[in-house]
Amino acid sequence: MFLALVVALVYLNQVFFTVYILRVHGGDTSFIARYVPEGWFALADGSSMRSLAAHFPHPGLLAPCLLRVPAFLELPFGLLSFVTVLRWLDRGLYRRVATSWMLWAASLSYTFSFCAVEWNLHTPYTVDDIVIRVCTGLVTPLLVQWLARQDTDAPTVSSFPQMLLFAVSVWALGQLVLTVYDTALLYNLGHLGGRLPGAMVTAVILVAARWWATRLPQGGESGLALTSIGTGLRWALALFFVPALAVRYGVNFGTPIVSGVAGLLICAAGAVYALREGLSGAGTRRTVLWAVQIVLALLAGGAAGVAAVLLVTDAYYEAGVLRAAALCFAVAVAVCALTDRWIDRRRAAPPETVAPGV
């Protein structure tokens, strides 16, 4: 709910920003657009917006809507989006992370990344924005911690249907986050008309996935490989929480190799924890079968992810990465669930008997 509130405030600010530009600057954004890369400031200047601007009192008071207000809202938007994903996967993990030092470390990391970008894209408002971002970096963790303490524990996502719905939910949320970034945080409210139909379909998919997820049987048994995938994902998300934004911006600001290596190391660490927790007590034969399952799952998931990137051209690389990651995960858990079931059935089947004298 608070994430939806932040999104609503972001779009309300964009409406006020457009009113300010239309009335005070005559619709000309060149005074600020020269400081940022191409692709910003596509105004929504249709008749309705111009009518609102024409009747809005004291439009000069809306000047902080340019860069300053988004500087305050961007950190809550990012942190709430991430902890929402954690909450969908594992309510207990979400509460532990959100009430620990990790939340403050993530706030510091995200704030530093935002400020570094602000300094790199130096504008007349950079100092103001940095001060605002430092302030919101101190306030936002308090809000997130308060929300986490009001929540209750629930069984973790563990079954195959639950994991599939989780993948669909994360993909849909990620798509909506990208829409907000493009149409609002990059001041491209003029793009909203073209992206609105797709965003509405995605929102319906998200609501349906979460509704369905709440009606599935909670908890339940899952096979060894599927459990390992879930364990690895929980560890990877927890480890990714703090450096997430730095990794993301590293791709855009000249260090894609470093970002890629960091992402791979985090995935590897998650895999190590999954291996340590998942195979304790497993015999040699089951361990070998588990390794075969994981290799098959990674190959199938990787092939699906690569196809998802190559077959579609995206305006933003994040959309391709998001689609590839969601599809890779869905295919991997499907392979693990199917092979787990086959192995369990083979182990449960009674041994064949041979008739006497044969």
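Structure's up top.
Residues numbered from 1 in each chain as written. Predicted model: local features only at pLDDT ≥ 70, side-chain atom pairs only at ≥ 80, totals over all residues. Heavy atoms only, no water.

### Let's talk about the overall build of the protein chain
Point 1. Counting its secondary structure elements, the protein chain contains 14 helices and 0 strands.
Point 2. Ordered by position in the sequence, the α and β elements of the protein chain form the string α-α-α-α-α-α-α-α-α-α-α-α-α-α.
Point 3. Its C-alpha atoms give the protein chain principal-axis dimensions of about 100 × 40 × 40 Å.
Point 4. Of all 358 residues assigned to the protein chain, the portion counted as buried reaches 46%.
Point 5. Within the protein chain, counting contacts between residues at least 6 apart in sequence, those at least 24 apart form 84% of the total. (Helix = DSSP H or I, 4+ residues; strand = E, 2+ residues; numbered from the N terminus. Buried < 20%, exposed > 50% of the residue type's maximum accessible area, 1.4 Å probe, protein only. Contact = heavy atoms within 4.5 Å.)

### Considerations on the side chain of Thr18
Point 1. Mapped onto the fold, Thr18 is located in helix H1 (residues 2–24).
Point 2. You can call Thr18 buried: its relative accessible area is 1%.
Point 3. Setting aside chain neighbours within four positions, we find Thr18 in contact with Leu43, Ala44, Met49 and Leu189.

### Overview of the pattern of salt bridges
When charged atoms on two side chains of opposite charge get close, those side chains can pair.
Point 1. Considering all chains together, one arrives at 8 salt bridges under this definition.
Point 2. Residue Asp45 is joined to Arg50 by a salt bridge in which the shortest nitrogen-to-oxygen separation is 3.6 Å.
Point 3. A relative accessible area of 44% means that Arg50 is categorised as partly exposed.
Point 4. Here Arg133 makes a salt bridge to Glu74, at a shortest N to O gap of 2.9 Å. Taken as a pair, Arg133 in helix H7 (residues 126–150) and Glu74 in helix H4 (residues 68–89) lie far apart in primary sequence, 59 residues in all. Taken as a pair, Arg133 and Glu74 share a single burial class, namely buried.
Point 5. Within this structure, Glu74, Glu118 and Arg133 form a network of salt bridges that share partners. (Salt bridge = Lys/Arg side-chain N within 4 Å of Asp/Glu carboxyl O.)

### Re the state of the cysteines
Point 1. Counted by the stated rule, this structure contains 0 disulfides.
Point 2. Unpaired in this structure, Cys267 has its nearest cysteine sulfur neighbour in Cys328, at a distance of 9.4 Å. (Disulfide = S-S within 2.5 Å.)

### Thoughts on the environment of Ala106
Point 1. Residue placement: Ala106 occurs in helix H6 (residues 101–120).
Point 2. For the pair formed by Ala106 and Leu186, sequence separation is 80 residues and the distance between their alpha carbons is 23 Å.
Point 3. Excluding its chain neighbours within four sequence positions, the residues that come into contact with Ala106 are Leu79, Phe241 and Val242.

### Describing the environment of Val6
Point 1. Position of Val6 among the secondary structure elements: in helix H1.
Point 2. What makes Val6 buried here is its relative accessible area of 8%.
Point 3. Not counting residues up to four positions away in its chain, the partners in contact with Val6 are Leu73, Pro76, Phe77 and Leu80.

### Things to note about a nonpolar patch on the surface
Point 1. A surface patch of nonpolar side chains, amounting to about 450 Å² of accessible area, comprises Trp104, Val134, Leu138, Val139 and Leu142.
Point 2. Top contributing element to the nonpolar patch by residue count: H7, with 4 residues. (Patch = residues over 30% accessible without salt bridge, like charges linked within 9 Å, V, L, I, M, F, W, Y side chains within 5 Å. Areas by Shrake-Rupley, 256 points an atom, 1.4 Å probe, with all protein chains shown as cover.)

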